[in-house]
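Commentary on secondary and tertiary structure
These are the residues of each chain, in order.
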Amino acid sequence: MNIDNLKSQMRKGMLEFCVLLLLKRGDAYASEMITRLKEAHLIVMEGTLYPLLTRLKNDGLLAYRWEESTQGPPRKYYSITSLGLQFLEQLQESWNEIARSVYLLLSENNSLTESTNNSETE
């Protein structure tokens, strides 16, 4: 199995959650979101982000407005809607459940490894 492919799939699965988290902090335009996601070590291409933003907007989770820019054409700023905030809360609960489960499995795995190592040294 290709680990890079798996990592890419995991990132894509979390992208919706991450975009909503960013927009909860404040409105942003697509290039700004890409920069902020890259700063968080999530590599995102425009070809991935734009369809996601359109889908989230069509689902009523995001809204947008146009603003004039001093550095080129007008920018489309996205904001999270009240429905988007409710959905984000549900995603956060799901993430917490998944994180707890993975942490539990990691802890059990570490305990097993430690007990195996201890029995080997005795």
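The following paragraphs examine the structure supplied in this document. As the structure is a prediction and not an experimental result, all values here were calculated from the model.

1. Observations concerning the environment of Trp 66
Within the element layout of this structure, Trp 66 appears in strand 2 (residues 62–69). Excluding residues within four positions of it along the chain, Trp 66 makes contact with Pro 74, Arg 75 and Lys 76.

2. So, the sheet that holds strand 3 (residues 72–80)
In any sheet, the strands associate via hydrogen bonds between backbone groups, in a parallel or an antiparallel arrangement. Spatially, 3 strands are ordered 1-3-2 in an open sheet, and the strand pairing comes out antiparallel. Either end of the sheet is taken by a strand with one partner, and the two such strands are strand 1 (28–29) and strand 2. With 2 bridges connecting them, strand 1 and strand 3 associate as antiparallel partners. Counterpart to Tyr 29 in the pairing with strand 3 is Tyr 77.

3. Structural notes on the packing of aromatic side chains
Applying the stated criterion across every chain, the model contains 4 aromatic pairs. Ring centres of Tyr 29 and Tyr 77 lie 5.3 Å apart, and the angle between their planes is 75 degrees; on these two criteria the pair is classed as edge-to-face. Note that Tyr 29 is positioned in strand 1 and Tyr 77 in strand 3, a separation of 48 residues in sequence. For the pair Tyr 64 and Tyr 78, a centre-to-centre distance of 6.0 Å together with 55 degrees between the ring planes defines the contact as tilted. You can see Tyr 64 sitting in strand 2 and its partner Tyr 78 sitting in strand 3, a full 14 residues away along the chain. On the accessibility criterion, Tyr 64 (36% relative accessible area) is partly exposed. By relative accessible area, Tyr 78 is classed as buried at 5%. Through successive ring pairs, a cluster of aromatic residues spans Tyr 64, Trp 66 and Tyr 78. The ring of Tyr 64 carries Lys 76 above its face, with NZ or CZ at 4.3 Å from the centroid.

4. Looking at the side chain of Glu 16
Residue position: Glu 16 is located in helix 1 (residues 3–25). Exposure remark for Glu 16: the relative accessible area of 16% places this residue in the buried category.

5. Remarks on helix 2 (residues 30–39)
Turning to helix 2, its buried residues are Ala 30, Met 33, Ile 34 and Leu 37. Angular distribution of buried residues about the axis of helix 2 spans 100 degrees; they occupy a single face of the element. Elements that come into contact with the buried residues of helix 2 comprise helix 1, strand 1, helix 3 (46–58) and strand 3. Positive backbone phi, approximately 70 degrees, marks His 41, located one or two places after helix 2.

The rules behind each value
Residues numbered from 1 in each chain as written. Predicted model: local features only at pLDDT ≥ 70, side-chain atom pairs only at ≥ 80, totals over all residues. Heavy atoms only, no water. Helix = DSSP H or I, 4+ residues; strand = E, 2+ residues; numbered from the N terminus. Contact = heavy atoms within 4.5 Å. Pairing = 2+ DSSP bridges. Phe/Tyr/Trp six-rings, centres within 6.5 Å; stacked < 30°, edge-to-face > 60°. Buried < 20%, exposed > 50% of the residue type's maximum accessible area, 1.4 Å probe, protein only. Lys NZ or Arg CZ within 6 Å of the ring centre and 35° of its normal. Arc of directions from axis to C-beta.

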